[in-house]
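For reference, the chains in residue letters:
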Amino acid sequence: MSDKLRYNLTDHLTNREVDRLLDLFNKIKLDLSASSFPTRTNRLEAVENMKKVIEIHGYDITEQKTAEEIAMPFPDARDQHLINKNLNKATGGK
């Protein structure tokens, strides 16, 4: 691959995309340029801008599922309580 093809963004991106990328890169640098450790808000804003950069390049970014969205492969304590309650009803126990 030639250096021109490798390093010239305009060979693959529109001028609008290049302008958007430059803006996003500046925002990312600003979010992470705190004199101390960047705040959570700044870090998350930088991540959102990084996601936009990656999406411009054609990748699909999805957020990680929360614990509530992930199906449990085994019953938890609440399920076990309901199972015992129904078993007791079915067998005539208390």
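Predicted model only: the values in this text are computed from it and were never measured.

## A few points about the nonpolar core
So, step 1. One finds Leu13, Val18, Leu21, Leu24, Ile28 and Val53 forming the largest nonpolar core, which totals six residues.
So, step 2. Counting residues per element, this core draws most heavily on helix α2 (residues 15-31), at four residues.

## A word on the environment of Ala46
So, step 1. By the element assignment, Ala46 lies in helix α3 (residues 40-56).
So, step 2. Residues Ala46 and Leu32, 14 residues apart in the sequence, show an inter-C-alpha distance of 7.0 Å.
So, step 3. Beyond its immediate stretch of four places on either side in the chain, Ala46 contacts Ile28, Asp31 and Leu32.

## Re α2
So, step 1. Helix length check: α2 (17 residues) gives 24 Å between terminal C-alpha atoms against 24 Å at 1.5 Å per residue, within 8%.
So, step 2. For α2, every residue scored as buried is listed here: Val18, Leu21, Leu24, Ile28 and Asp31. An end-on view of α2 places all buried positions within 145° of arc, on one side of the element. Along α2, the residues that are exposed and aim more than 90 degrees away from the buried face are Asn15, Arg16, Asp19, Lys29 and Leu30.

## Here's the deal with the confidence of the model for the chain
Regions with low pLDDT carry predicted coordinates that are not meant to be interpreted in detail.
So, step 1. In this model, the chain carries a mean pLDDT of 77, and residues with pLDDT of at least 70 account for 59%.
So, step 2. The least confident element of the chain, judged by mean pLDDT, is helix α1 (residues 3-7) at 51; the most confident is α2 at 93.

## Some thoughts on the pattern of salt bridges
So, step 1. Per the stated rule, a full pass over the model turns up three salt bridges.
So, step 2. When the shortest N-O distance is used, the salt bridge between Asp23 and Lys27 registers 3.4 Å. Of this pair, Asp23 and Lys27 both sit in helix α2, four residues apart, which is roughly one turn of the helix.
So, step 3. On the accessibility criterion, Asp23 (32% relative accessible area) is partly exposed.
So, step 4. One network of salt bridges, with partners in common, ties together Arg20, Asp23 and Lys27.

## Digging into the environment of Asp31
So, step 1. Here Asp31 lies in helix α2.
So, step 2. Residues Asp31 and Arg43, spaced 12 residues apart in sequence, show a C-alpha to C-alpha distance of 6.6 Å.
So, step 3. Discounting residues that sit within four places of it in the chain, Asp31 has contacts with Pro38, Asn42, Glu45, Ala46 and Asn49.

## A word on the side chain of Asp31
So, step 1. One buried charge, Asp31, has no salt-bridge partner; the nearest side chain with opposite charge is Lys27, at 8.3 Å.
So, step 2. There is a polar contact of 3.5 Å between the side chain of Asp31 and the backbone nitrogen of Ala46.

## Looking at a nonpolar patch on the surface
So, step 1. A grouping of Leu32, Val47 and Met50 is seen on the molecular surface, where their side chains present a nonpolar patch of about 220 Å² in accessible area.
So, step 2. Mapped onto the elements of the fold, Leu32 is located in the loop between α2 and α3.
So, step 3. Given the relative accessible area of 38%, Leu32 is considered partly exposed.

What counts and what doesn't
- Residues numbered from 1 in each chain as written.
- Predicted model: local features only at pLDDT ≥ 70, side-chain atom pairs only at ≥ 80, totals over all residues.
- Heavy atoms only, no water.
- Core = buried A, V, L, I, M, F, W, Y, C linked by side-chain atoms within 4.5 Å.
- Buried < 20%, exposed > 50% of the residue type's maximum accessible area, 1.4 Å probe, protein only.
- Helix = DSSP H or I, 4+ residues; strand = E, 2+ residues; numbered from the N terminus.
- Contact = heavy atoms within 4.5 Å.
- Expected span 1.5 Å × (residues − 1).
- Arc of directions from axis to C-beta.
- pLDDT = per-residue confidence, 0-100.
- Salt bridge = Lys/Arg side-chain N within 4 Å of Asp/Glu carboxyl O.
- Lys, Arg positive; Asp, Glu negative; His and termini not counted.
- Polar contact = N/O pair within 3.5 Å; in protein donor to acceptor, adjacent residues only side chain to side chain.
- Patch = residues over 30% accessible without salt bridge, like charges linked within 9 Å, V, L, I, M, F, W, Y side chains within 5 Å.
- Areas by Shrake-Rupley, 256 points an atom, 1.4 Å probe, with all protein chains shown as cover.

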